[in-house]
Amino acid sequence: MSKKMLILSASPREGGNSDLLCDQFAKGAEEAGHRVEKIRVQEKKIAPCLACYGCRGTGVCVQKDDMEDILNKMVQADVLVLATPVYFYSMDGQLKTLIDRTLPRYTEIRDKEVFFIATAAAERGAMERTVDAMRGFTDCLPGAQVKGIVYGSGVYQKGEVTDTKAFQEAFQLGRRI
C-alpha cells in the first residue's frame, strides 16, 4: 500500500550531508511506490514560537508564515522523516524552530511512522543527544513510532556522506517502508 511521506530536511546547505541522505531515502521510498514530498526547511519562512498561546483553543498560530502549510502536511502524512546535521551535540536551529511551531496542532500529528536522519563530523555516539531530542518530540505525538535511524557519522565537508555506508542505508531504509 502506497504511503504519503513527508521529509523535513533541516540542513542549511542544499546538497549538504543530511540533505543528501534525505534524497537517498526519498529515492528508495519512491522506488517502493510511495508518494514523497521533501521540504527544505531552510527555504521556508518559519519564525520562532512566541509562547503567547494564541493558538490555544483555535489550533491556529497567530504568526502568518510557512508553518501553517507545513503543519497541514505533517498531519496528513503517513510517514515523517526528520533530518538534521548535528551542531554542538544537538539538532540545528532550523529543525528545533519547526518542532516548536507544531504547538498549535501537535496532537493531530498522530499515528505516524517516524524516521530520523542525523549527520556529524563526530562518530555515532556524539549524535545520541540529538536523536534523544528528536525522540522527545515524537514522544509528544500520539501513536508515533520511530521506525529507523540513519547515522551519517564522520562527515564534515559537503558531500562526504556519499562515500559512507549511511548513503546506502538511507536508500534501503526508504525502500523498506
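In this text the structure is predicted, and so the values were computed from the model without any measurement.

## Quick notes on unusual backbone geometry
So, point 1. One non-glycine residue with positive phi stands out, namely Tyr-89, at about 65°.
So, point 2. Along the polypeptide, Tyr-89 turns up in the loop between strand 3 (79–87) and strand 4 (90–91).

## Structural notes on the layout of surface pockets
So, point 1. Estimates place the volume of the largest pocket at around 330 Å³.
So, point 2. Lining the largest pocket are 18 residues, and of these Val-86, Tyr-87, Thr-119, Ala-120 and Ala-121 sit closest to its centre.
So, point 3. Elements represented by at least two residues in the lining of the largest pocket include exactly helix 1 (17–31), strand 3 and strand 5 (113–120).
So, point 4. The element contributing the most residues to the lining of the largest pocket is strand 3, with three residues.
So, point 5. Residue composition of the lining of the largest pocket, by class: twelve nonpolar, five polar and one charged.
So, point 6. Its boundaries defined by the atoms lining it, the second largest pocket holds a volume of some 170 Å³.
So, point 7. Lining the second largest pocket, in full, are Arg-124, Ile-149, Tyr-151, Gly-152, Ser-153, Thr-164, Lys-165, Ala-166 and Glu-169.
So, point 8. Here the lining of the second largest pocket takes four residues from strand 6 (residues 145–153), the largest share from any one element.

## A closer look at the nonpolar core
So, point 1. Judged by nonpolar contacts, the single largest core of 29 residues is most densely connected at Leu-8, Ile-70, Met-74 and Leu-98.
So, point 2. Secondary structure elements with two or more residues in this core: strand 1 (4–9), helix 2 (67–76), strand 3, helix 3 (93–100), strand 5 and helix 4 (128–139).
So, point 3. With residues near it in sequence (within four places) discarded, Ile-70 still touches Leu-6, Leu-8, Ile-39, Lys-44, Ile-46 and Leu-98.
So, point 4. Ile-7, Leu-21, Val-155 and Val-161 belong to the second-largest nonpolar core, a separate cluster that totals 21 residues.

## Digging into the packing of aromatic side chains
So, point 1. In the structure shown here, the tally under the stated rule is one aromatic pair.
So, point 2. The aromatic ring of Tyr-53 is capped on one face by Arg-56, whose charged end is 4.6 Å from the ring centroid.
So, point 3. A cation sits over an aromatic face here: Arg-129 above Tyr-89, 4.9 Å from the ring centre.

## Remarks on the side chain of Thr-102
So, point 1. Secondary-structure assignment places Thr-102 in the loop between helix 3 and strand 5.
So, point 2. Thr-102 has contacts with Met-67, Leu-71, Met-74, Ile-109 and Phe-137, leaving out every residue within four places of it along the chain.

## With respect to the environment of Leu-82
So, point 1. Assignment of secondary structure puts Leu-82 in strand 3.
So, point 2. Placed 35 residues apart in sequence, Leu-82 and Ala-47 show a C-alpha to C-alpha distance of 18 Å.
So, point 3. Those residues in contact with Leu-82 that sit more than four places away from it in its chain are Leu-8, Leu-95, Phe-115, Phe-116, Ile-117, Met-134 and Phe-137.

## Thoughts on the pairing of strand 5
So, point 1. Of all eight residues in strand 5, eight are buried, a share of seventy percent or more.
So, point 2. The alternating pattern of strand 5 places Glu-113, Phe-115, Ile-117 and Thr-119 on one face and Val-114, Phe-116, Ala-118 and Ala-120 on the opposite face, and all of these are buried.
So, point 3. Judged from the seven bridges that link them, strand 3 and strand 5 form a sheet pairing that is parallel. Paired with Ala-83 across the bridge in strand 5 is Ile-117.
So, point 4. Here strand 5 runs beside strand 6; their pairing, made up of eight bridges, is parallel. Its bridge partner lying in strand 6, Ala-118 is registered against Tyr-151.
So, point 5. Considered for its hand, the β-α-β crossover made up of strand 5, helix 4 and strand 6 is right-handed.

Procedures and definitions
Residues numbered from 1 in each chain as written. Predicted model: local features only at pLDDT ≥ 70, side-chain atom pairs only at ≥ 80, totals over all residues. Heavy atoms only, no water. Helix = DSSP H or I, 4+ residues; strand = E, 2+ residues; numbered from the N terminus. 1 Å grid on protein atoms, 1.4 Å probe; cavity = no way out; pocket = protein on both sides within 12 Å on 5 of 7 lines; lining within 4 Å. Points joined across faces, edges and corners; volume = space filled by probe spheres on them. Nonpolar A, V, L, I, M, F, W, Y, C, P; charged D, E, K, R; others polar. Core = buried A, V, L, I, M, F, W, Y, C linked by side-chain atoms within 4.5 Å. Buried < 20%, exposed > 50% of the residue type's maximum accessible area, 1.4 Å probe, protein only. Contact = heavy atoms within 4.5 Å. Phe/Tyr/Trp six-rings, centres within 6.5 Å; stacked < 30°, edge-to-face > 60°. Lys NZ or Arg CZ within 6 Å of the ring centre and 35° of its normal. Pairing = 2+ DSSP bridges. Right-handed = clockwise from strand over helix to strand, strands pointing away.

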